[in-house]
Amino acid sequence: MRGEFGNPWHGIALAALVGLAAFAVYAPSIGYGFAPLDDEQFVQRNTLVEGGCSPAALAGAWTQTRENYWAPLLWTSFMLDVDLFGMEPRGFHAVNVALFALNAAGFFWLVFRWTKGRSGVALAAALLWALHPARVESVAWITERKDVLSGLFFLLGLGAYVEGRRGRLRAGTELAWACMALGGMVKQSVIVMPGLLVLLDVWPLGRTTWSRLGRDGWRLISEKWAFWLLGLALAAVPIWAHAQNEAIIRSSWSERLAMVPAHYLFYLWKTIWPVGLMPLHPDLPARPWTSAGGVALLGAVTWGLWRFRERQPWALMGWLWFVAALFPFTGFVWAGEERVAMRLTYWPHAGLALLAALGGEAFVRGHRRRRSWAIAVCGLVLGAYGFQGQRQLACWR
């Protein structure tokens, strides 16, 4: 039955196709071995994992920190892999690929729902996100089960919140909070969720507008107090664990603030030109021109999209999704060796993909010639992403 949100069966079929496509693209990694970077500590020689599920191991997963992380659901998922597939890497890789396929299908479904059944927009957004070469690390690296598993809860939480506010899911907000808690038991990067929920209040929910956000903002922020408290608790755990092991790098506040715009500049450039990607990039040099360039770019894009806030509220929403979701990884807090890594764009890139897909649709609306060109450009971009992604995937063999 076709209703306000389009034909649901059409959307479900396309979501399944997106998931199958994502699985097929990353399926070669199922035959790869353990990576010599962190897989040994996280899986092979992790005493919590190597024996599979047992009462002692499950208790340890909840009461211990490993590699400066408290991640009970991550360790439990690895234990289940051992019980099902043994300690061979094939099983771990297969689960990573399957979880990522669910993420890709889920992202398509959310955009399909948020745009009220615009399948072309949802398809473009999902493929732009799923095929970007930056996704390779999160899928092909067993250790980065953190991304694909926490991402599943992250998506479920966003979807539950929107459906609950639309009156189509009972206790949707409570379910969203539970999903955030579960995701935080895998990777604490879900602490950005409350900020994204405020953005969703603007679009697609329309509970306020950008022009009224100054008046409505405090109400929308304060009603999410349970999410903010959960975020503070989840953020405190890894900071405490890193501090206990003296893994937090000491740097001045001025240096940290200067590095934030430089990191945004780096990640935006690698989004557009994703070559030379590696698990651990060298630290970004502290140069005045990179910080100034980052500030100028952030300010120019935000100001430009602000001008279209009434006609295209989704544009500023997608951009601020990227900015807000990436902020914890922009050098403000330095811990361990993971100061610059493209896998940290796992969910920030979803905002840019949404912006690009909806922006493309707005550009071609009512223009057949523009539509043909836009489809061709989108195809070329996806082809380039796919080609570079396969090259990147082969590096993990």
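Residues numbered from 1 in each chain as written. Predicted model: local features only at pLDDT ≥ 70, side-chain atom pairs only at ≥ 80, totals over all residues. Heavy atoms only, no water.

A tally of regular secondary structure across the chain gives 17 helices and zero strands. A compact globule built from 397 residues would reach a C-alpha radius of gyration of about 21 Å, and the chain, at 21 Å, matches this within 12%. Within the chain, the fraction of its 397 residues that count as buried is 52%. Within the chain, residue pairs in contact and separated by at least 24 positions form 78% of the contacts whose partners lie at least 6 positions apart. As presented, the chain carries roughly 18,200 Å² of accessible surface, and 65% of it is formed by carbon and sulfur atoms. Side-chain charges of the chain comprise 36 positive and 24 negative groups, with the mean position of each set lying 14 Å from the other. (Helix = DSSP H or I, 4+ residues; strand = E, 2+ residues; numbered from the N terminus. Rg over C-alpha atoms; globule rule 2.2 N^0.38 Å. Buried < 20%, exposed > 50% of the residue type's maximum accessible area, 1.4 Å probe, protein only. Contact = heavy atoms within 4.5 Å. Areas by Shrake-Rupley, 256 points an atom, 1.4 Å probe, with all protein chains shown as cover. Lys, Arg positive; Asp, Glu negative; His and termini not counted. Charge placed at Lys NZ, Arg CZ, Asp CG, Glu CD.)

Residues Trp 269, Ile 272, Trp 273 and Val 275 make up a contiguous nonpolar surface patch of about 450 Å² in total accessible area. Look at Ile 272 and you get exposed, because its relative accessible area is 62%. (Patch = residues over 30% accessible without salt bridge, like charges linked within 9 Å, V, L, I, M, F, W, Y side chains within 5 Å. Salt bridge = Lys/Arg side-chain N within 4 Å of Asp/Glu carboxyl O.)

This part covers helix H10 (residues 193-202). Given 3.6 residues to a turn, an α-helix orients residues that are three or four positions apart in the same direction. H10 sits mainly inside the fold: nine of its 10 residues count as buried. Taken together, the buried positions of H10 are Met 193, Pro 194, Leu 196, Leu 197, Val 198, Leu 199, Leu 200, Asp 201 and Val 202.

Looking now at the side chain of Thr 345. As for its placement among the helices and strands, Thr 345 is situated in the loop between helix H15 (313-326) and helix H16 (348-364). Judged by its relative accessible area of 0%, Thr 345 falls in the buried class. Excluding anything up to four places from it in sequence, Thr 345 contacts Ala 134, Arg 135, Tyr 267 and Leu 326.

Any two packed helices are characterised by how steeply their axes cross, that is the angle between the axes, and by the distance between the axes. Closest axis-to-axis distance for the helix H14 (residues 288-306)/H15 pair is 9 Å, and the angle between their directions is 155 degrees. The angle between H14 and H15 falls in the class roughly antiparallel. The element H14 and its partner H15 pack so that their crossing is left-handed. Residue-level inspection shows Leu 298, Val 301, Thr 302, Leu 305 and Trp 306 of H14 in contact with H15, the latter providing Ala 315, Leu 316, Trp 319 and Val 323. Within the contact of H14 with H15, the residues separate by chemical class into eight nonpolar, one polar and no charged. (Axes fitted to C-alpha atoms, helices over the stretch in contact; angles between N-to-C directions. Parallel < 35°, antiparallel > 145°, perpendicular 65-115°, else oblique. Left-handed = near helix turned anticlockwise from the far one by under 90°. Nonpolar A, V, L, I, M, F, W, Y, C, P; charged D, E, K, R; others polar.)

Here we come to the pattern of salt bridges. Taken as a whole and judged by the stated rule, the model has 17 salt bridges. Connected via shared salt-bridge partners are Glu 137, Glu 144, Lys 146, Asp 147, Lys 187 and Arg 343.

Looking at the secondary structure, you find Phe 78 in helix H4 (residues 72-85). Relative accessible area serves as the criterion here: at 0%, Phe 78 is assigned to the buried category. Residues Phe 78 and Ser 150, spaced 72 residues apart in sequence, show a C-alpha to C-alpha distance of 14 Å.

Turning our eyes to something else, we now look at the packing of aromatic side chains. Per the counting criterion, the structure on display carries 22 aromatic pairs. Ring-pair connections join several aromatic residues into one group, and the members of that group are Tyr 26, Phe 100, Phe 107, Trp 129, Phe 154, Tyr 346 and Trp 347. The cationic tip of Lys 146 hangs over the ring face of Tyr 69; the distance from NZ or CZ to the ring centre is 4.6 Å. The aromatic ring of Phe 363 is capped on one face by Arg 370, whose charged end is 4.5 Å from the ring centroid. (Phe/Tyr/Trp six-rings, centres within 6.5 Å; stacked < 30°, edge-to-face > 60°. Lys NZ or Arg CZ within 6 Å of the ring centre and 35° of its normal.)

With that settled, the discussion passes to the nonpolar core. By size, the foremost hydrophobic cluster in this structure holds 118 residues, and its most contacted members are Trp 75, Trp 129, Leu 158, Trp 319 and Trp 321. Sorting elements by how many residues they give to this core places helix H5 (residues 89-114) first, with 12 residues. Ignoring any residue separated from it by four or fewer positions in sequence, one finds Trp 129 in contact with Phe 100, Asn 103, Ala 104, Phe 107, Arg 135, Tyr 346, Trp 347, His 349, Ala 350 and Ala 353. (Core = buried A, V, L, I, M, F, W, Y, C linked by side-chain atoms within 4.5 Å.)

With respect to the helices, strands and loops of the structure, Asp 39 is situated in helix H2 (residues 39-44). Along the primary structure Asp 39 and Trp 141 are separated by 102 residues, whereas in three dimensions their C-alpha atoms are 7.9 Å apart.

To continue, consider unusual backbone geometry. With omega at 15 degrees, the peptide bond leading from Trp 203 into Pro 204 counts as cis. Mapped onto the secondary structure, Pro 204 falls in the loop between H10 and helix H11 (213-222). Positioned with a positive phi, Lys 116 is a non-glycine residue whose angle comes to about 60 degrees. One can find Lys 116 in the loop between H5 and helix H6 (119-130). Overall, the relative accessible area of 44% leaves Lys 116 in the partly exposed class. In the Ramachandran plot, Ala 171 falls in the positive-phi region, its phi being about 60 degrees despite a non-glycine side chain. For Ala 171, the location among the structural elements is in the loop between helix H8 (145-165) and helix H9 (172-184). A relative accessible area of 39% places Ala 171 in the partly exposed class.

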